[in-house]
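If you want the building blocks of each chain, they are given just below.
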Amino acid sequence: ACIAGVLRLEEATALVAARTRLLRAMTSLRAPLEAFEAIAGSVRFCPPRVKFVSSLTGKFTAQEILNPDYWHPLREWSVRPLDAVRSLVQAGCGTMLEINADPVLLPAVLHAFSDVKSVQWLPALRSDREDWEQTLETLAKLYVGGLRVNWKSFERGHVRRRVALPTYPFQR
């Protein structure tokens, strides 16, 4: 939703944190539910800047995601991620990136769409690898696949220096 411009990163982070607290406290829902609803009610949802597929319906949408109730954590039980991926494949999307702390949907998607060879399936992060290592590997695959990378922004905050490399294998 952040990438599509529906939410700002700060708002999405607040919603995810409130949603996580609510799902962890399923035995006593009242306080976490009220906190989530307060945060969701304060968010200014914007129409997506790119096409957006709902994991609740599996179809492209623009209007329903502007309603705070769409993001309600208890609706999570009715998600249809495979239908959403099917819509993206049928629309000709060539790269699928699961943005999560660990690819939980990717194994099911790879199994369900094993016959689809025209799509590159990538995880943003993996629990069994260092975040930076996985991020760089995925970024490299996206770049090779044609993604334009703003390298100045990517390198911001990192000190780098040029080094002279040998031009022949026997030079040292």
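Residues numbered from 1 in each chain as written. Predicted model: local features only at pLDDT ≥ 70, side-chain atom pairs only at ≥ 80, totals over all residues. Heavy atoms only, no water.

Attention now goes to the overall build of the chain. Scanning the chain from terminus to terminus reveals six helices and four strands. Put simply, the chain runs from its N terminus to its C terminus through helices and strands in the order α-α-β-β-α-β-α-β-α-α. When the 172 residues of the chain are sorted by exposure, 28% land in the buried category. In the chain, 54% of the contacts between residues at least 6 apart in sequence involve partners at least 24 apart. On the chain, roughly 12,300 Å² of surface is accessible, and the fraction owed to carbon and sulfur atoms is 57%. (Helix = DSSP H or I, 4+ residues; strand = E, 2+ residues; numbered from the N terminus. Buried < 20%, exposed > 50% of the residue type's maximum accessible area, 1.4 Å probe, protein only. Contact = heavy atoms within 4.5 Å. Areas by Shrake-Rupley, 256 points an atom, 1.4 Å probe, with all protein chains shown as cover.)

Time to look at the environment of Val79. Note on placement: Val79 falls in the loop between β2 (60-61) and α3 (81-90). In this view, Val79 contacts Ser55 and Leu56; residues no more than four positions away in its chain are not counted.

A few words on the pairing of strand β3 (residues 95-98). Taking every second residue as pointing to the same face, the buried face of β3 carries Met96 and Glu98, while none of Thr95 and Leu97 on the other face is buried. Pairing of β3 with strand β4 (residues 120-123), which is carried by four bridges, proceeds in the parallel orientation. Each residue of the ladder has a partner; that of Leu97, found in β4, is Leu122. Between the parallel pair β3 and β4, the chain is carried across by helix α4 (residues 106-112), and the sense of this crossover is right-handed. (Pairing = 2+ DSSP bridges. Right-handed = clockwise from strand over helix to strand, strands pointing away.)

With that out of the way, let us pick up the nonpolar core. Counting 10 residues, the largest nonpolar core consists of Leu15, Phe36, Ala40, Val43, Phe45, Phe52, Leu56, Ile65, Tyr70 and Trp71. The next biggest cluster of nonpolar side chains, apart from the first, holds eight residues, and it includes Val85, Met96, Phe113 and Val116. (Core = buried A, V, L, I, M, F, W, Y, C linked by side-chain atoms within 4.5 Å.)

Before going further, it helps to examine the packing of aromatic side chains. Counted by the stated rule, this structure contains four aromatic pairs. Plain terms: the ring middles of Trp132 and Phe154 are 5.8 Å apart, the flat faces sit at 10 degrees to each other, and that makes the pair stacked. Of the two residues, Trp132 sits in helix α5 (residues 131-144) while Phe154 sits in helix α6 (residues 151-155), which places them 22 residues apart along the sequence. For Trp132, a relative accessible area of 45% puts it in the partly exposed group. By way of ring pairs, the aromatic residues Trp132, Tyr143, Trp151 and Phe154 are connected into one cluster. Above the plane of the ring of Phe60 lies Lys51, whose end atom (NZ or CZ) is 5.9 Å from the centre. (Phe/Tyr/Trp six-rings, centres within 6.5 Å; stacked < 30°, edge-to-face > 60°. Lys NZ or Arg CZ within 6 Å of the ring centre and 35° of its normal.)

Before going further, it helps to examine the environment of Leu139. Position of Leu139 among the secondary structure elements: in helix α5. Distance in space between the C-alpha atoms of Leu139 and Leu122 is 9.6 Å, their sequence separation being 17 residues. Ignoring sequence-local partners within four residues, the contact set of Leu139 consists of Leu147, Val149, Trp151 and Phe154.

Attention now goes to the layout of surface pockets. Computed from the structure, the second largest pocket encloses a volume of approximately 210 Å³. In terms of residue count, the dominant contributor to the lining of the second largest pocket is α5 (four residues). Classifying every residue of the lining of the second largest pocket by side-chain character gives seven nonpolar, three polar and no charged. (1 Å grid on protein atoms, 1.4 Å probe; cavity = no way out; pocket = protein on both sides within 12 Å on 5 of 7 lines; lining within 4 Å. Points joined across faces, edges and corners; volume = space filled by probe spheres on them. Nonpolar A, V, L, I, M, F, W, Y, C, P; charged D, E, K, R; others polar.)

Taking 1.5 Å of rise per residue, 14 residues should cover 20 Å, and α5 covers 20 Å from first to last C-alpha, within 8% of that figure. For α5, the full list of buried residues reads Gln134, Thr138, Leu139 and Leu142. The buried side chains of α5 occupy one side of the element, clustering within an arc of 130 degrees when seen end-on. Directly after α5, the chain includes Gly146, whose backbone phi takes a positive value near 115 degrees. (Expected span 1.5 Å × (residues − 1). Arc of directions from axis to C-beta.)

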